[in-house]
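# Working through the structure, step by step
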Amino acid sequence: LGSTPIALAILGPLQERRPIAVRTVGCAVAVAAGVVMVERASGSLDPVGLVLALLVLVGEVGFALFAVPPLRRIGPVGVSFHAMWIGAAQLALAALLFERGDLRLPTLPEAAALAHMAVFVTFVAFVAWYGALARLGADRAGLFIGLVAVTALATSALVGTATVTPS
């Protein structure tokens, strides 16, 4: 995740056929360093974690760069809507294939949590992300990705699944 701003700072301008901004690349390096500091505060990296981190990098960069052309045609809400229904369809298919007979309806608290995640954590976040991509470009919008690590660590500390100590 921490390398994503660097990749977007370089690949975003190339995709749009404009020069790479040295200042944006410098800011992306600073954001990546901040993500490394946050990640060090929350644990260590093993080989499986490294492979998963590389997959996240490819996914995040693709998630941003593949969205740029449709953003021009259908806007942030349209791209968010299509990203969500495609993801929901993929998850439904995966559940049918891999969960076999273990599917059940969610309880009321689970349904409320799922609704909250669908509306706020996903749709509102997607619209904000795609809005930033449309307004700022992938290179500058990518700088906001550093906030993901910070908010994830803060949320983990708040719910008691991570301990944050100065090192």
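Just so it is clear, the structure is predicted and the values come from calculations on it, not from any experiment.

### Looking at the overall build of the protein
The secondary structure content of the protein amounts to seven helices and zero strands. Seen along its three principal axes, the alpha-carbon backbone of the protein occupies a region of about 55 × 50 × 25 Å. Pairs at least 24 apart in sequence give 74% of the contacts found in the protein among residues at least 6 apart. In the protein, which carries 10 positive and 8 negative side-chain charges, the distance between the mean positions of the two groups comes to 14 Å.

### Here we look at the pattern of salt bridges
Evaluation of the coordinates by the stated rule reveals three salt bridges. Here aspartate 139 and arginine 18 are joined by a salt bridge, their closest N and O atoms 2.9 Å apart. Residue aspartate 139 is located in helix H6 (residues 138-141), and its partner arginine 18 is located in the loop between helix H1 (4-15) and helix H2 (22-42); the two are separated by 121 residues in the primary sequence. Its relative accessible area of 2% is what places aspartate 139 among the buried residues. Residue classification places arginine 18 among the partly exposed positions, given a relative accessible area of 27%.

### Some words on a nonpolar patch on the surface
Taken together, the side chains of Met117, Val119, Phe120, Val121 and Val124 present a nonpolar region at the surface, about 440 Å² in accessible area. Relative to the helices and strands, phenylalanine 120 resides in helix H5 (residues 108-136).

### A closer look at the packing of aromatic side chains
Going through the model one piece at a time under the given rule, you end up with three aromatic pairs. Note on phenylalanine 63 and phenylalanine 126: the rings are 5.3 Å apart at their centroids and 65° apart in plane angle, and the pair reads as edge-to-face. With phenylalanine 63 in helix H3 (residues 47-65) and phenylalanine 126 in helix H5, the pair connects residues that are 63 residues apart, well separated along the chain. Under the relative-accessibility criterion, phenylalanine 63 is labelled partly exposed at 28%. When the ring of phenylalanine 63 is compared with that of tyrosine 130, the centres are 5.5 Å apart and the planes differ by 40°; the resulting orientation is tilted. Of this pair, phenylalanine 63 sits in helix H3 while tyrosine 130 sits in helix H5, and the two are 67 residues apart along the sequence. The buried category is assigned to tyrosine 130, whose relative accessible area is 3%.

### Considering H1
If you check H1, its first and last C-alpha atoms are 15 Å apart, about what twelve residues at 1.5 Å a residue would give, namely 16 Å. What H1 keeps buried is the set Thr4, Pro5, Ala7, Leu8, Ala9, Gly12 and Pro13. Looking one or two places after H1, you find arginine 17, whose phi comes out positive at around 55°.

### Focus: the confidence of the model for the protein
Within the protein, residue pLDDT values average 87, and 95% of them lie at 70 or more. At the level of individual helices and strands, the protein shows its lowest average pLDDT in helix H7 (residues 146-159), which scores 81, and its highest in H6, which scores 94.

### Quick word on unusual backbone geometry
Across residues other than glycine, the phi torsion is negative in most instances, and most of the peptide bonds are trans. Phi at arginine 17 takes a positive value of approximately 55°, unusual for a residue other than glycine. By relative accessible area, arginine 17 is classed as exposed at 77%.

The rules we used
Every chain begins its residue count from 1, and numbering advances along the sequence as written. Predicted model: local features are reported for residues with pLDDT of at least 70 only, side-chain atom pairs are reported and counted for 80 or more only, and whole-chain, interface and lining totals are derived from all residues. Side-chain measures were taken over the full set of non-hydrogen atoms in the model, leaving aside hydrogen atoms and water. Working definition: helices are DSSP H or I runs of at least four residues, strands are E runs of at least two. Numbering for both runs from the N terminus. Contacts between residues were defined by any pair of non-hydrogen atoms, one from each residue, lying within 4.5 Å. Residues counted as positive are Lys and Arg, residues counted as negative are Asp and Glu, and His and the chain ends are not counted. Positions of charges follow a simple convention, taking NZ of Lys, CZ of Arg, CG of Asp or CD of Glu. Here, a salt bridge means any Lys or Arg side-chain nitrogen found within 4 Å of an Asp or Glu carboxyl oxygen. The cut-offs for exposure are 20% and 50% of the maximum accessible area for each residue type, with area from a 1.4 Å probe on protein chains only; residues under the lower value are buried, those over the upper are exposed, and the others partly exposed. What makes a patch is a set of residues exposed beyond 30% relative accessible area and free of salt bridges, joined within 9 Å when like-charged and within 5 Å when nonpolar (Val, Leu, Ile, Met, Phe, Trp, Tyr). Each accessible area is a Shrake-Rupley result for a 1.4 Å probe, and residues are judged covered by the shown protein chains and nothing else. Any pair of Phe, Tyr and Trp rings, taking the six-membered ring for Trp, is counted once the centres come within 6.5 Å. Such a pair is stacked with planes under 30 degrees apart, edge-to-face with planes over 60 apart, and tilted for the rest. Each residue after the first adds 1.5 Å to the expected span of a helix. Per residue, pLDDT captures the predictor's confidence, and it can take any value from 0 to 100.

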